Number of protein chains: 2
Amino acid sequence: MTQTSISDILNPKSVAIVGASDDLAKWGGSILALLQKFKFPGQIFPVNPRSQRVQEYPAFSSVTAIGQPVDVAVVAVPNDRAVDAFHDCAQAGVKAILMVTSQFAESGEAGQQLQDTLVDIARKAGIRIIGPNCMGYFHSHADLCLLNSQALMRNTVLQKGSIALISQSGALAGTMLARAYDIGTGFSFCVSLGNQADLEVCDFLEYALSDPHTRVISLYIEGLKAPQRFLSLLRQARAAGKPVLLTKAGRTDSGQRAVQSHTASMAGAYQAFEAAVRYEGAVIVDDPLELVMQAVAWAGLPAPKNRAIAVFSGSGGGGAVASDLIDEAGLEAATLSADTVQRLASLMPESSAHLPFDLGSVPTSYRGANSRWLQDVVSTMMADPGVGAGIFVMTTQPDMVGTAETIVAVNRSGDKPVLFVNAASSCGNEAAEKLRAAGVVNFGSIKDAIRALSHRLAFEQHLGVQDKAQPGFSVEQVHAMARPWPDGLVSEYQAKQLLATAGIPTTVGRVATSEDEAIQAANAIGFPVVMKVMSAQVSHKSDIGGVMLNVKDEAGVRQQFKALQTALKQVPGAAFDGCLVQQMAQADAELLVGTHWDVQFGPMLMFGFGGTLVELQRDTALLPASASRAAIAQALTGLRLYPLLTGYRGRDPVDLERLVDLIHQMGQLAVHLGEQLSECEANPVMVRGNSILVADARAVWKEQI
Amino acid sequence: MTQTSISDILNPKSVAIVGASDDLAKWGGSILALLQKFKFPGQIFPVNPRSQRVQEYPAFSSVTAIGQPVDVAVVAVPNDRAVDAFHDCAQAGVKAILMVTSQFAESGEAGQQLQDTLVDIARKAGIRIIGPNCMGYFHSHADLCLLNSQALMRNTVLQKGSIALISQSGALAGTMLARAYDIGTGFSFCVSLGNQADLEVCDFLEYALSDPHTRVISLYIEGLKAPQRFLSLLRQARAAGKPVLLTKAGRTDSGQRAVQSHTASMAGAYQAFEAAVRYEGAVIVDDPLELVMQAVAWAGLPAPKNRAIAVFSGSGGGGAVASDLIDEAGLEAATLSADTVQRLASLMPESSAHLPFDLGSVPTSYRGANSRWLQDVVSTMMADPGVGAGIFVMTTQPDMVGTAETIVAVNRSGDKPVLFVNAASSCGNEAAEKLRAAGVVNFGSIKDAIRALSHRLAFEQHLGVQDKAQPGFSVEQVHAMARPWPDGLVSEYQAKQLLATAGIPTTVGRVATSEDEAIQAANAIGFPVVMKVMSAQVSHKSDIGGVMLNVKDEAGVRQQFKALQTALKQVPGAAFDGCLVQQMAQADAELLVGTHWDVQFGPMLMFGFGGTLVELQRDTALLPASASRAAIAQALTGLRLYPLLTGYRGRDPVDLERLVDLIHQMGQLAVHLGEQLSECEANPVMVRGNSILVADARAVWKEQI
C-alpha cells in the first residue's frame with residue numbers, strides 16, 4: 001500500500017459524498033452542488049442509503065457499494081454514525097477522508113475518544129484524514145471544490161490563483177476567501193484543517209513549497225503540532241522564494257482561552273513563536289483580512305525598492321493624512337529630486353510638483369485632452385530613484401474610474417508597487433471594479449496599505465538564516481562543567497564559571513566563608529569591591545538586600561559581611577553558603593543576556609537593557625538561541641536604549657563586536673547544553689567602552705529531562 | 001448693519017449662484033442641481049450674464065440685478081473674475097459669500113494678495129466669507145445643499161442627522177460623507193472651510209455647541225487660527241455633553257509639509273496640540289474614515305459600561321482573533337459569571353456557554369424554531385454585570401441577515417453597545433444593508449471597532465477640567481525673583497532659588513569660586529558632596545564632564561575643583577563662574593519635570609523618568625501647565641517606570657502626593673510667570689521614599705516678549 005500524498009488528496013480522480021443530500025442547506029447537499037457548479041472533471045459518487053438519486057447523480061447505499069476506486073470520501077454524517085462511515089470507507093479502500101462533522105476533540109473528553117477511534121480505524125486502513133470539525137478544501141487548478149462556504153456559493157467559477165490558504169479555522173478561511181474574491185484574486189488551493197486529527201498545517205505547507213501554482217502561502221494558525229518541522233518548512237519556503245504570511249491566534253491570554261475552546265489546539269507561548277517564526281523569515285499579520293490583502297499585494301505587485309513612499313491623492317488632505325500615517329509607521333514620506341521636478345515641468349506648475357502629490361492642485365488646463373496625463377505624472381514621480389513605493393489615496397474625486405485604470409496601467413508598466421486605497425467607499429465602487437477586474441489589489445484604509453508595505457519591507461530586509469556558527473568554545477568542556485550540577489538553581493559562582501569556560505568575561509570573584517577570608521579576597525582583587533550573599537535558596541539577591549556595592553576598605557568588608565548574613569535571615573530556610581567578593585565594574589549601561597528552553601521552539605535568547613529593571617524597561621529582543629551574529633547585531637540596533645552603546649552624550653562607544661560575541665556565545669551555550677540548561681542569565685552585564693563584564697549570573701539546571 | 005451669524009448662513013432665505021451653469025460638470029451647474037434635487041425651500045437666483053435661463057430658473061446678469069435680498073451668494077467664477085463678483089455682491093447687500101474657487105493663498109504670494117483683496121472688499125461691506133478653495137457646505141435640517149461632492153450627487157435625499165462635520169479639507173469631507181452614508185447615517189450640517197480667509201473652524205464649532213440638531217461634533221483640522229478660542233470651545237462642548245472627535249493632519253514632519261502646501265495652514269507642534277486638546281476632553285482619531293465610524297457609533301449607541309468586551313462570532317477563529325486584538329489594545333476580553341452561565345442553560349450546552357461566544361459551537365438542535373434564540377443569547381450575555389460592551393464579528397456564516405437583525409434588536413433594547421463587524425466582505429452586503437437601514441453602524445474591521453470602544457472609554461474616563469488651583473506660593477515673590485533676570489539661560493543656582501521660592505525642595509548647595517571656598521562649603525553641607533561647574537555658557541553640564549558625584553573628602557574637593565576647570569576648557573568661550581557644591585542625594589529613580597512655553601497653546605508641563613537619559617527612555621507625559629493634581633496623578637500612573645515609585649522590588653514607596661505637588665507647583669510657576677519663562681527644567685529630581693529633591697535645574701528667561 002503506497003502512502004497517500006497531499007497531491008493525491010488535492011487531485012482525486014473520484015470523490016464520494018457520504019451523507020449526500022438534495023437539501024442544499026445541508027453539508028452533503030451543498031458540497032455536491034459545488035462540485036457540480038465548478039465542473040469537477042472526476043467521478044462523483046453520492047452515498048445515501050435512503051435515496052436512489054441525489055441531485056442529478058445515481059446514489060449508493062454505502063461507499064463499499066460503489067464498487068469502483070474512491071480517492072476521497074467526504075464524510076458529512078452526524079457523529080454517532082461516523083464510526084460506521086469510517087469502517088465503510090476502510091473496507092472500500094478509500095485513500096483519504098474529509099471529515100467535516102464537529103463535536104469531536106474540541107467539545108470535550110467524549111468527543112476526543114470518538115475522534116481517537118476514527119483515527120485508529122483510518123490508520124489501520126492507511127487512510128489519511130482532514131478534519132474533523134472543518135469546512136473542507138478546494139484545489140482551483142483541479143476544479144475541485146470540497147469547501148463549504150458562502151464565499152464560494154456566490155461565485156460562478158472557482159477562480160484560479162497563486163495564493164495557498166491553509167487555515168485552522170473554517171469560518172475564517174471563508175471570510176478570507178470572500179475578501180480575496182472581492183478584491184479580484186483567487187487561490188491555488190485552500191484547506192480548512194479543523195482538529196488536525198491526522199493531516200495538519202505542516203503537511204499542506206510542505207506541499208505548497210513544491211506546488212507550481214503557489215507563489216505566496218498564507219496561514220491561519222492557532223497551535224502547532226510539530227513546531228520544529230514548521231520552522232524547517234518556513235526556512236525551505238524562504239529558500240524557495242515563496243513568502244509565508246500568517247496570522248496566529250492565541251497570542252494573548254484571552255486569545256489563547258478562545259483557541260483552546262475552539263479547535264483543541266495548544267497555543268503555546270506566543271513570544272517564542274513570534275521570535276522563531278520571524279527569524280525564519282515568515283511575516284506575521286494580526287488580522288486575517290489584512291493578511292489576505294497583503295498576500296494579494298505580494299502575489300501581484302513588485303516589492304518596494306526602499307522605505308520612501310510616494311503619496312498621491314485626489315485631495316491635499318488625503319495626502320497629509322497618509323504622510324502622517326507613513327511617518328508614524330516608521331516609513332518615510334518620499335520627496336522628489338530636483339531632476340524629477342524638472343521632468344514634470346510640462347505636466348504641471350512647479351507649485352504642484354511635489355510629494356505628497358495633490359491632483360486637485362493642478363489647474364485643469366494642464367491635463368488637456370491627454371488622457372494619459374495622470375499616468376505620465378505618476379510614472380514620472382515613481383521613476384524618481386528616491387521613491388521606493390507608492391500609495392494612491394482615492395477620495396471622492398472626479399473620474400474615479402479613469403484614476404483606477406491609471407493605477408492599473410502604472411502597476412503593469414513599472415517595477416515599483418503603487419498601492420491603491422479606495423477611500424471613497426461606495427462612491428468608488430466602479431473604480432474598485434476596474435482594479436478587481438485587473439487583479440490589482442485595492443485597500444479600504446490607508447493604514448492597511450501602509451502596513452502591507454511595511455511588512456513587505458521587513459521581509460525584503462530579512463537577513464536570512466545562516467549556517468550554524470561554530471561556538472567559540474569547547475562543547476566538551478562546557479558539558480563536562482555542567483554535567484555534575486544538581487537539579488535546580490545553580491550558584492552564581494558556578495554559573496559564572498560556566499560563562500568563563502564559554503569565553504564570556506565575568507567579574508573576578510572569590511568565595512569567602514568568613515570575614516577574614518573576605519578581607520583576603522578583597523585585598524587580592526583590589527578595592528572597591530562588591531559583596532554578594534551566596535545561598536542556593538536565593539535567586540534574586542538584590543531583592544533581599546544581598547548585594548553590597550562599592551565596599552571601600554577592610555572595615556567595610558567586615559561590616560557588610562555581617563549585614564549579608566542578617567539580610568539572608570529574611571528568607572525562611574535559606575542557608576548561608578558564604579559571600580562572593582568581586583571586583584566592582586563600572587558601567588554606562590547595564591544589560592541582561594539570558595536564555596531559556598521553550599517547550600515548543602527549544603533554546604531562546606533574550607537580551608536588552610535594564611539590569612534589575614528589565615521587566616519595567618521593556619527594552620529587550622528575543623531570538624532563537626541559534627541566531628547568527630548578524631541577526632543579534634540587527635536586533636540590538638532596534639532597542640530603545642541602543643544609542644547608549646554608541647557614544648551617547650560623551651560616553652565612550654562600546655565595543656559592539658565584543659558585545660555581540662558575548663550574546664552569541666550565550667546563545668551557543670544554550671544550543672549546545674540543550675534542554676538541561678533550563679535557564680541561564682547574565683545580569684547585569686556591565687558595559688563601558690571596551691569593558692564588558694558579566695557582574696552576576698544565574699542558571700537553572702535540569703538533571704533529568 | 002447687524003452682524004451675519006452662522007445661523008443666518010446655514011438658514012438662508014435666498015441663495016444666488018454666481019457662475020451658474022447648465023453644465024453639471026461645472027461648480028455653478030452642480031450646486032444649482034443639488035439645491036433643486038434636495039428641494040431647498042428658499043429662493044434660488046442663478047447669476048450668468050450670458051444666459052436668460054439656467055437649468056429651470058430665470059437667470060440674472062449680476063447679483064445687483066436680482067433686486068431682492070440675497071442672504072448667501074455662491075461665487076464659482078475663475079479667480080480673475082472674483083474681485084468683480086465680490087464688488088457685485090457688496091453692492092447687492094449680500095450677507096455671506098461661499099467662495100469655492102481655488103488658486104488663492106494656498107498657491108503662493110500672488111494668490112495670497114488676491115485673497116487679501118477679497119477679504120478687504122467683504123469686510124468693508126460686512127460680508128462674511130466661507131473659503132476660498134473649499135467645497136462648500138450643507139445644512140440638512142434646512143434642506144440646503146451648497147456642498148459639491150460625489151457623495152451627495154449619488155443620493156436622492158439630503159439625509160438628516162445629528163453629527164456636525166467641520167473640515168479644512170473639502171475632498172476629505174466628501175470621503176467622510178460617503179462613508180457615513182454607506183453605514184446609514186446623515187449629518188446635521190457639514191462645512192468645508194478651505195483657506196479660512198474669514199470664517200474658520202471655531203466659528204462653526206461654536207455654532208455646533210448650541211445647534212439643537214447636533215449631538216456629536218467631528219472635525220478635520222490642519223492648523224488652528226485661534227488655539228485658545230479652540231480650547232475654550234472644546235471645554236464648552238464637554239460641558240454641553242457634546243463629544244468632539246477630531247483628526248489632525250500635520251502631526252509629523254511629512255504631514256506638516258503636506259498641509260502647508262495644501263491650505264496654507266500652520267500645523268504647529270503636534271505634541272502640544274495633542275496634550276492641550278486631550279486635556280479638554282476631545283478625542284483624537286488618526287484616520288478620518290475611522291473618525292466617521294466612531295462618530296456614528298457615538299451618536300447612535302450608548303457608551304461602554306466598563307473595559308471588559310464580550311466577543312460574539314460565527315466562528316471560533318473570529319472570536320480568538322478579536323480576543324487577541326482586544327487584549328493588545330489594552331482592553332479586556334470579558335468572561336461570564338457563573339450566574340450568567342446558569343441563565344444560559346436552556347439556550348446551549350454548558351461547553352458553549354462562555355466568551356468569546358462561538359455561534360458555530362452550539363448544535364443546531366438548540367436553536368429550534370425560535371427565531372429569537374440568538375437575541376436571547378446575546379442579551380443574556382450582555383446583561384452580565386461584568387460585561388461593558390460587545391463586539392459581534394460576523395464571518396461568512398449562515399443567516400447573516402438574521403444575525404444583523406438580531407444585533408439591531410439587541411442594540412435597541414439594551415443599555416450597552418454591541419458593535420457589529422462585517423468580516424464577510426460582500427457576502428455580508430445584505431446583512432450590512434439591514435444595519436444601514438436601522439442606522440446601526442457596521443465596521444469593516446475588528447481593529448476599527450476596538451479602537452471605537454477604546455476611544456469612547458477614554459472619553460468617559462476623562463477627569464474633567466477643574467477650576468484653576470491656587471498656587472502653593474506667592475505669585476508676587478516668584479515674579480520679584482525672576483524679574484531682574486537677564487535674557488537667556490539662567491544659572492542653576494538661580495533656577496533652584498526660584499524653585500525653592502515656589503516651595504519645591506532642592507538639594508542644599510553653595511557657590512564656591514576657589515578651592516578653599518569649596519572645602520568650606522563641603523564641610524558645611526557634609527560629605528559626600530556633588531560638585532558642578534558653573535558657566536552661563538553651559539546648559540547641559542554632565543555632557544562636558546562638569547558634574548562630579550560622590551566627592552568624599554577635602555582632597556577630593558581640591559582635585560575635582562581643578563578637574564571642573566579643565567572640563568570647561570572644552571567649551572570655547574565659556575567663562576568659569578565657579579563651582580556649585582551640593583549635598584549628594586540618593587535616588588531609586590531620577591525624574592525630569594519641565595515646562596516650556598508653546599507658541600500656540602501657552603505653558604506646557606512635561607514629566608517622566610530618565611534623568612539625563614530622558615530622550616532615550618521616552619517615558620514622559622505632557623500636559624498643559626495648568627493641569628490639575630488629579631490629571632498629573634493619572635498621567636504619572638501611565639508611565640512605563642511608574643512601578644518604581646510604588647515599592648518595586650523592595651524599594652521604599654515614594655510619597656506620591658508630594659511628588660504630584662512638586663509637579664503641580666512647576667506647572668503653576670509656568671502658568672504664573674507666563675511667556676517670559678520660556679523653559680524651566682528640574683532634572684534630575686532624585687526620588688527615594690519620602691525624599692524628593694531637585695538635584696539640578698535650569699531655566700531660560702525672556703527679558704522681552
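Please refer to the structure placed before this passage.
Before going into details, it helps to say that this report is about the structure given with it. The structure presented is a predicted model; accordingly, all values stated were derived computationally and were not measured. (Residues numbered from 1 in each chain as written. Chains lettered and ligands numbered in written order. Predicted model: local features only at pLDDT ≥ 70, side-chain atom pairs only at ≥ 80, totals over all residues. Heavy atoms only, no water.)

Counting secondary structure elements, chain A contains 24 helices and 31 strands. Overall size of chain A, expressed as C-alpha extent along the three principal axes, is 100 × 80 × 40 Å. Looking at chain A as a whole, 59% of its 705 residues are labelled buried. As displayed, chain A has an accessible area near 26,100 Å², and 49% of this comes from carbon and sulfur atoms. For chain A, the centre of its 55 positive side-chain charges and the centre of its 67 negative side-chain charges are spaced 2 Å apart. (Helix = DSSP H or I, 4+ residues; strand = E, 2+ residues; numbered from the N terminus. Buried < 20%, exposed > 50% of the residue type's maximum accessible area, 1.4 Å probe, protein only. Areas by Shrake-Rupley, 256 points an atom, 1.4 Å probe, with all protein chains shown as cover. Lys, Arg positive; Asp, Glu negative; His and termini not counted. Charge placed at Lys NZ, Arg CZ, Asp CG, Glu CD.)

A word on the interface of chain B and chain A. Each partner contributes residues to the interface: chain B has 89 residues there, and chain A has 89 residues. Taking both partners together, chain B and chain A bury about 6,700 Å²; carbon and sulfur atoms supply 51% of that area. The largest contributions to the chain B side of the interface with chain A come from B:L616, B:R640 and B:R649, which together make up 10% of the buried area. Run the count over chain B and chain A and you get 12 salt bridges. B:R649 is the salt-bridge partner of A:E615, the closest N and O atoms lying 3.8 Å from each other. Put simply, chain B and chain A have 33 residue pairs in polar contact (both at pLDDT 80 or more) between them. Among the elements of the structure, helix 5 (150-153), helix 6 (170-182), helix 9 (253-263), helix 11 (288-300), helix 12 (316-328), helix 17 (446-460) and helix 22 (614-617) of chain B are those that each provide at least two residues to the side of chain B that touches chain A. Of the residues forming the side of chain B that touches chain A, the biggest block, 11 residues, is contributed by helix 12 of chain B. Of the residues that constitute the side of chain B that touches chain A, the class distribution is 30 nonpolar, 35 polar and 24 charged. (Contact = heavy atoms within 4.5 Å. Buried area = accessible area lost by both parts, 1.4 Å probe. Salt bridge = Lys/Arg side-chain N within 4 Å of Asp/Glu carboxyl O. Polar contact = N/O pair within 3.5 Å; in protein donor to acceptor, adjacent residues only side chain to side chain. Nonpolar A, V, L, I, M, F, W, Y, C, P; charged D, E, K, R; others polar.)

The subject of this paragraph is the packing of aromatic side chains. Residue and element names in this part refer to chain A. For the structure on display, the rule yields 24 aromatic pairs over all chains. An angle of 45° between the planes, with centres 6.4 Å apart, marks the rings of F189 and F204 as tilted. Remark: F204 occurs in helix 7 (residues 201-210) and F189 occurs in strand 11 (residues 187-192); sequence separation between them is 15 residues. Each member of the pair F189 and F204 is classed as buried. Arranged with centres 6.0 Å apart and planes meeting at 10°, the rings of F392 and F420 form a pair that is stacked. Of this pair, F392 sits in strand 18 (residues 389-394) while F420 sits in strand 19 (residues 418-422); the two residues are 28 residues apart in sequence, bridging distant segments of the chain. The exposure classification of F392 matches that of F420, with both residues buried. Counting every residue linked through ring pairs, the aromatic cluster contains F230, Y270, F273 and F601. Above the plane of the ring of F273 lies K248, whose end atom (NZ or CZ) is 5.4 Å from the centre. In this structure, R456 packs its charged tip against the face of W298, placed 4.8 Å from the ring centre. (Phe/Tyr/Trp six-rings, centres within 6.5 Å; stacked < 30°, edge-to-face > 60°. Lys NZ or Arg CZ within 6 Å of the ring centre and 35° of its normal.)

Right, let's get into the environment of A:W701. All names here are of chain A. If you trace the backbone, W701 turns up in strand 31 (residues 697-701). Separated by 650 residues in the primary sequence, W701 and S51 have C-alpha atoms spaced 66 Å apart. Excluding residues that lie within four positions of it along the chain, W701 makes contacts with A482, R483, W485, P486, D487, G488, V490, L673, Q676 and L677.

All names here are of chain B. Read from one edge of the open sheet, four strands run 22-25-23-24, paired in antiparallel fashion. The open sheet terminates on both sides in strands that have one partner only, identified here as strand 22 (509-512) and strand 24 (547-551). Neighbour-to-neighbour, the strand axes of the sheet open up by a mean angle of 20°, direction not taken into account. In terms of strand pairing, strand 23 (residues 529-533) meets strand 24 through three bridges, oriented antiparallel. Directly across from V529, in strand 24, lies its bridge partner V551. Most of the contacts of helix 19 (residues 492-501) go to strand 25 (residues 579-583), to which it runs at about 40°, and overall it touches strand 22, strand 23 and strand 25. (Pairing = 2+ DSSP bridges. Axes fitted to C-alpha atoms, helices over the stretch in contact; angles between N-to-C directions.)

Before going further, it helps to examine the packing of helix 15 (residues 400-413) of chain B against helix 16 (residues 429-438) of chain B. Residues and elements named next belong to chain B. Between helix 15 and helix 16, the least distance of the axes is 7 Å, while the angle of their chain directions is 25°. What the angle tells us is that helix 15 and helix 16 run roughly parallel. The way helix 15 lies across helix 16 gives a crossing that is right-handed. Along the contact surface, helix 15 presents M400, V401, A404, E405, V408 and R412, while helix 16 presents E430, A431, K434, L435 and A438. Considered class by class, the residues forming the contact of helix 15 with helix 16 number seven nonpolar, no polar and four charged. (Parallel < 35°, antiparallel > 145°, perpendicular 65-115°, else oblique. Left-handed = near helix turned anticlockwise from the far one by under 90°.)

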